[in-house]
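# Observations on chain architecture
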Amino acid sequence: MIDTQPDTTTQDGGHLVGALLAQHGVSFLYTLCGGHIAPILVGADAHGVRVIDVRHEATAVFAADATARLTGTPGVAAVTAGPGVTNTVTALKNAQMAQSPVVLIGGAAATLLKGRGALQEIDHLALVKSLVKWSKAVTRVRDIGPALTQAFQVAQSGVPGPVFVEIPIDLLYPESVVRTWTLASAGKGVPGRLLQGYLNFHLRRTFAGAGASLVQSPSAIAPLLPRDQQVQQVVERLRTAQRPVLLIGSQALVDAGMAAMLPDAVRQLAIPTFLSGMARGLLGYDSLHIRHQRTKALREADLVLLAGVPCDFRLNYGRAIARRATYIAVNRSRRDLTQNRRPTLAIQADAGQLLCRLAPALNALPNRPVWTEWLATLQERDYQRDQGIMAQAAAATDYVNPLALCQQLEAAIAPDSVIIGDGGDFVATASYIVRPRAPLAWLDPGAFGTLGAGGGFALAAKLCRPEAEVWLLYGDGSAGYSLAEFDTFARHNVPVIAVVGNDAAWSQIAREQVEILGTPLGTELAHTDYHQVAAGYGGVGFCVATAAEVAPVLAQAKAAVLSGRPVLVNVHIGKTDFRKGSISM
């Protein structure tokens, strides 16, 4: 067992950070090295937290985001000052919109040098203000422990989200080192002695009580539980519903422990269910899960229950739900409860907890409602849509038909896999066909529509679930953002399988742009040899140009990854109009 209590005789700020991370159950610290934060990395390693250094700071935050989603424990990233922090902006916003509890630690210039033009100096707190729930600049060593403890608390409470803690470089190194650096600048003579006196005063203040900055035990985070009255209100409305629809989103699984209980509760409810975000895979292959023509079902439904889902662009800002329908919203966020459309019944609570309490309450009714015919109608639509997809997959295209490729992926992916989606047209196409097998087995960026999350997501998924196959589905445009992380995969022995749908274009944009504006300007790529790039970084690369090659190469990829090396399969795919008209606004 690792001793996470600081040694107050030799402790420095870096070791205090490491001790606190271990105390809070953090297994991985994602980072890109920098002089401002080097003691944090050493301290984390000393306390048994595995340090994973990546090739871009955004990847570190993406990995922290995915770790939080998969484990329920806040993911942690540490980045150096200035450009280290600015490089995280997109990933921070993505975590905010995905409501992921992420703790970002940023290095900073020495406290005495603030405002004097120090290397990589920037007002970090002003930069991240709109991106995080809470931020703090630490100015004394003894405040490191309390600040980080509060950061973990805030990140997980209420609506989860990212937080930021700035720790200057002179709080992280040993006092003897900082004293040497600081006093060396005092100079000589009377001015030097006066300055030296002030510097000594500053150092005493900075390190005073450093040994008292003990690691504090993590506080339990109380879930937002629904009241019994609210559960009964939902039961009463379901009792008279003829065509209910349940839509479950990522927020229902903010507490990763819900993944063990929630599927059974949803099956007991027996309401036709659509799944989105991190809830994809919640029901496996259960026929209760309806996968296609969601908008049509919502317009026909007489009751719609949104469990951890806002009425944003994905639901046409609330217009996808019929006006005559009873609309029930359950959400941790008061703002999201009423965004764009006021519900018939709004419940500010954890959606997963409500569903788990709703199932026994509904089953307790003497004549509980059943919706067999309504479910059969939606299942028949799913069947017909799948038949149409099969027909489109059989059509000839240049290179490999992307729908046929997705069918081959569906057949090849193991039951215990985690699937990562990072792309536009190809990944959206795959979402119709490739099905996650279990809860918390699908990761995509979420509502921000971010490209580039794939490398960090895949890294975290394999670290958190080393026994699982991890499949990273890349569009050829999005692959360019994080392909360098194959170096990270190889160095840290993280064997993932990436599949690039390579149609030499930003197809999701090009399809509409060419039709409306008459030009492919800015949307054309090349059939780049992504497999050779991956091999150059230490991975294994395969290239596929014909349909006959797909199944054998996927089998080779599954075998190759067992050697511990990451694999990339570069598949040249043809163009289709499968997703014509799919651009969201």
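So, here's what we can say about the structure. (Residues numbered from 1 in each chain as written. Predicted model: local features only at pLDDT ≥ 70, side-chain atom pairs only at ≥ 80, totals over all residues. Heavy atoms only, no water.)

## What about the sheet that holds strand β12 (residues 418–422)?
- If you walk across this open sheet you meet the six strands as β13-β12-β14-β15-β17-β16, and the pairing is parallel. Because the sheet does not close on itself, it has two edges, and the strands there are β13 (442–443) and β16 (540–544).
- Bridge count for β12 against β13 is two bridges, and the pairing is parallel. Bridging across to β13, I419 finds its partner in W442. (Pairing = 2+ DSSP bridges. Helix = DSSP H or I, 4+ residues; strand = E, 2+ residues; numbered from the N terminus.)

## A look at the sheet that holds strand β9 (residues 303–307)
- Reading across the sheet, the five strands line up as β8-β7-β9-β10-β11 and stay open at both edges, with parallel pairing between neighbours. Unpaired on one side and paired on the other, β8 (273–275) and β11 (345–348) mark the two borders of the sheet. In this sheet, adjacent strand axes meet at a mean angle of 15° when their direction is disregarded.
- Pairing analysis gives three bridges linking strand β7 (residues 244–248) to β8, with the strands arranged parallel. Residue pairing across strands places I248 opposite L275, the latter belonging to β8. (Axes fitted to C-alpha atoms, helices over the stretch in contact; angles between N-to-C directions.)

## Overview of the pattern of salt bridges
- Scanning all chains against the criterion turns up 15 salt bridges.
- Between R437 and E410 there is a salt bridge, with its nearest N and O atoms 2.9 Å apart. Of this pair, R437 sits in the loop between α17 (425–433) and β13 while E410 sits in helix α16 (residues 402–412), and the two are 27 residues apart along the sequence. Taken individually, R437 and E410 each receive the classification buried, so the pair is uniform in this respect. (Salt bridge = Lys/Arg side-chain N within 4 Å of Asp/Glu carboxyl O. Buried < 20%, exposed > 50% of the residue type's maximum accessible area, 1.4 Å probe, protein only.)

## A short note on the nonpolar core
- The biggest cluster of nonpolar side chains holds 112 residues, and the ones touching the most others in it are Y30, I248, L355 and L358.
- Per-element tally for this core: the top contributor is helix α3 (residues 57–71), with eight residues.
- Once residues within four sequence positions are removed from consideration, I248 is found in contact with V266, T273, F274, L275, S276, A279, L282, A307, V309 and L355.
- The next biggest cluster of nonpolar side chains, apart from the first, holds 37 residues, and it includes V26, L148, I167 and L171. (Core = buried A, V, L, I, M, F, W, Y, C linked by side-chain atoms within 4.5 Å. Contact = heavy atoms within 4.5 Å.)

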